[in-house]
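Next come the chains, spelled out residue by residue.
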Amino acid sequence: MKFKRKFLAIPYVIFLVGFVIIPVLFIFYYAFTNKAGQFSFENVEKFFSDETNINVLLISLVYAIFNTLICLLLGYPIAYILANKKYNRSPILYMLFIMPTWINFVIRTSATRDLLNWIGISTGSMSSITTMIGLVYNYLPFVILPLYTTMLKIDTYQLEASYDLGANKSTTLFKVLIPMTLPGIISAATMVFMPTLSSYVISDILSEFNVVLFGSYIDLYFNQANWNFGSFMAFIMLCLILVSVLISRKSEKGNEGGSVL
Amino acid sequence: MKKENIISKIFAKIFLYTMLLLMFLPVLTLIFFSFTETEILGEWDGFSFGLYSDLFNNESLMKAIFNTLLIAFVSAIVSTILGTLGAIGVFYSRKKAKKSIETMTQLPVVNAEIVMALSLAIVFSTLNLSYSFITLLIGHVVLTVAFVYLNVKPKLVQLDPNTYEAALDLGSSSFGALCKVIIPEISSGIISGFIISITLSLDDFVITQYLKEPSFETISTYIQKIVVKHPIPPEVRALTSLIFVVVMIGVILVTIYNNSLANKNNGGKK
């Protein structure tokens, strides 16, 4: 058979099908069967009939929303200043903001905990605050990255035009800058929101297991060898991911996102 | 107007450096206390390099560091080969195949790590495969391969399609043309895919935890096991300093590389 360039994709496709697609199908299978392997909605009922499950999901959503908002509120001005030639001309400063992501995250997270405990913010009694701090610490660079790349592309003359036409600072911010950087805001939000929901190491370490996020919960059931119920929760997770992808797709058209190099 | 400008500049600078300091505070604290031999963070017991020799004498931690680097390099190499060939192959495939493969590629990018880890663990258990370096490798490649693909693809789009045909016309075999014409042109995408793979793999905890064999520890799993119950072990403070220095060198190199790239581009335009 003659060599064709498209054949090069065969190992890649086999790998994706075998280790990405088929495993997800396994999740679907276990989510909608019972222990005996028969098709059933047992897990659906079990999940929605127990208030604890719903609460864990809701609490995780609240943490994810707050984490996204705080990261955006901090990250937006940072990215703006970094990308604005008037304030900053050195690319190394941007790299420094991204740099924490290259230091092992278990070390960073436990360092944050030990530091907080040292200065008297106890992870035992102020678990929700310390968890929030840990989440923001971990995800802030992921917000700065896409926001910075979007900000670099914007036309700063439009901001000046807005001032020249008599708009004040807040009008320019809300009517010009934010709409112009919306794709960056949305990709930043998706980089924080879903991962927060499914993260578990951060909340485990920073709350001494007082705050249980959805990721921890899945982990817990899976470790108890309850695959069916664990899979159903993973299925919920997949549905939420799908929704967030569809939302970001809709508004992200034309935005390429950021990369390190 | 001028005065207002200066004030806003000063505010911007103060804000930026305060945020930077806050972000680095936990790590900097660890580094500061890596030069004293106290058990608990926050106590100073005289300057010493003791923790650094403790670090190199801690066999299980050294083994974990070695394992972390091993899995990062092996998985990055596998991902880079698989992802690069995948990107080239898909790029020259028919539209329909292209579209479905691109959708598949998105899945590991957006998927939650715990879902990927759990789904692979279920598959391996169903197949009665015991966890080994291979299962861990598969997990890390799943985590990283799509990022190689996504870094290589834009370079293929920029490629001049005629160069490959020209190489064939000049008597090159298709394989030769691939190695000598296409690969060099997309090398920057391959390199950044490789680097992203390494950083993702080095930092990984969830997939590693699920798919490793029980005795195999990486930095993440080794430290996590300790810190869920205890403060950070003192030697890890020394390790953090070393990681910080390595990463700092990496940051400087990347900045220099980006600068030279930018200069080259500007030079080309002029």
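The sections below set out a description of the structure shown in this document.

Definitions and limits used
- Residues numbered from 1 in each chain as written.
- Chains lettered and ligands numbered in written order.
- Predicted model: local features only at pLDDT ≥ 70, side-chain atom pairs only at ≥ 80, totals over all residues.
- Heavy atoms only, no water.
- Helix = DSSP H or I, 4+ residues; strand = E, 2+ residues; numbered from the N terminus.
- Buried < 20%, exposed > 50% of the residue type's maximum accessible area, 1.4 Å probe, protein only.
- Patch = residues over 30% accessible without salt bridge, like charges linked within 9 Å, V, L, I, M, F, W, Y side chains within 5 Å.
- Areas by Shrake-Rupley, 256 points an atom, 1.4 Å probe, with all protein chains shown as cover.
- Salt bridge = Lys/Arg side-chain N within 4 Å of Asp/Glu carboxyl O.
- Lys, Arg positive; Asp, Glu negative; His and termini not counted.
- Charge placed at Lys NZ, Arg CZ, Asp CG, Glu CD.
- 1 Å grid on protein atoms, 1.4 Å probe; cavity = no way out; pocket = protein on both sides within 12 Å on 5 of 7 lines; lining within 4 Å.
- Points joined across faces, edges and corners; volume = space filled by probe spheres on them.
- Expected span 1.5 Å × (residues − 1).
- Arc of directions from axis to C-beta.
- Contact = heavy atoms within 4.5 Å.
- Buried area = accessible area lost by both parts, 1.4 Å probe.
- Polar contact = N/O pair within 3.5 Å; in protein donor to acceptor, adjacent residues only side chain to side chain.

### Quick word on unusual backbone geometry
- We note that glutamate 208 of chain A has phi near 50°; this positive angle belongs to a residue other than glycine.
- As for its position among the elements, glutamate 208 of chain A is in the loop between helix 10 (201–207) and helix 11 (214–223).
- Exposure remark for glutamate 208 of chain A: the relative accessible area of 44% places this residue in the partly exposed category.
- Residue asparagine 128 of chain B is not a glycine yet carries a positive backbone phi of 60°.
- Relative to the elements of secondary structure, asparagine 128 of chain B occurs in the loop between helix 5 (113–126) and helix 6 (133–158).

### Examining the environment of serine 125 of chain B
- In this structure, serine 125 of chain B sits in helix 5.
- The class of serine 125 of chain B is partly exposed, set by a relative accessible area of 26%.

### Some thoughts on a negative patch on the surface
Residue and element names in this part refer to chain B.
- The grouping of Glu37, Glu43, Asp45 and Asp54 at the surface amounts to a negative patch.
- The topology assignment puts glutamate 37 in the loop between helix 1 (2–32) and helix 2 (50–57).
- Since its relative accessible area comes to 44%, glutamate 37 is described here as partly exposed.

### Looking at the layout of surface pockets
- In this structure, the second largest pocket encloses a volume near 1,100 Å³.
- Looking at the second largest pocket, it is lined by 28 residues, and the ones nearest its centre are Tyr80, Tyr87, Tyr163, Lys169 and Leu177 of chain A.
- Breaking the lining of the second largest pocket down by element, the ones donating at least two residues are helix 3 (51–83), helix 7 (156–164) and helix 8 (169–180) of chain A together with helix 1 of chain B.
- Examining the composition of the lining of the second largest pocket, we find that 7 residues originate from one element, helix 3 of chain A, more than from any other.

### With respect to helix 4 (residues 95–110) of chain B
- Helix length check: helix 4 of chain B, at 16 residues, gives a terminal C-alpha distance of 23 Å against a target of 22 Å (1.5 Å per residue), a fit within 8%.
- Within the sequence span of helix 4 of chain B, burial applies to Ile101, Met104, Thr105 and Pro108 of chain B. Angularly, the buried residues of helix 4 of chain B cover 100° about the axis, an arc narrow enough to put them on a single face. Within helix 4 of chain B, the exposed residues directed more than 90 degrees away from the buried face are Lys95, Lys96, Lys99 and Thr103 of chain B.
- Those residues of helix 4 of chain B hidden inside the fold are in contact with helix 1 (10–31) of chain A together with helix 3 (59–91), helix 5 and helix 6 of chain B.

### As for the environment of alanine 238 of chain B
- Looking at the element boundaries, alanine 238 of chain B is found in helix 12 (residues 234–269).
- With sequence-adjacent residues up to four places away left out, alanine 238 of chain B is seen in contact with Ser34, Leu51, Tyr52 and Leu55 of chain B.

### Digging into the interface of chain A and chain B
- Taken residue by residue, the interface counts 72 residues in chain A and 95 residues in chain B.
- Overall, the association of chain A and chain B removes approximately 7,700 Å² of surface from exposure, summing both partners, and the carbon and sulfur fraction of that is 80%.
- Our count for the chain A to chain B interface comes out at 2 salt bridges.
- Connecting chain A to chain B are 10 residue pairs in polar contact (both at pLDDT 80 or more).
- Looking at the side of chain A that touches chain B, the elements with two or more residues in it are helix 1, helix 3, helix 4 (91–98), helix 5 (105–118), helix 6 (127–153), helix 10, helix 11 and helix 12 (227–252) of chain A.
- The element contributing the most residues to the side of chain A that touches chain B is helix 1 of chain A, with 14 residues.

### Considerations on the pattern of salt bridges
- Summed over all chains, the structure comprises 6 salt bridges over all chains.
- In this structure, the salt-bridge partner of glutamate 217 of chain B is lysine 225 of chain B, at a minimum N-O distance of 2.6 Å.

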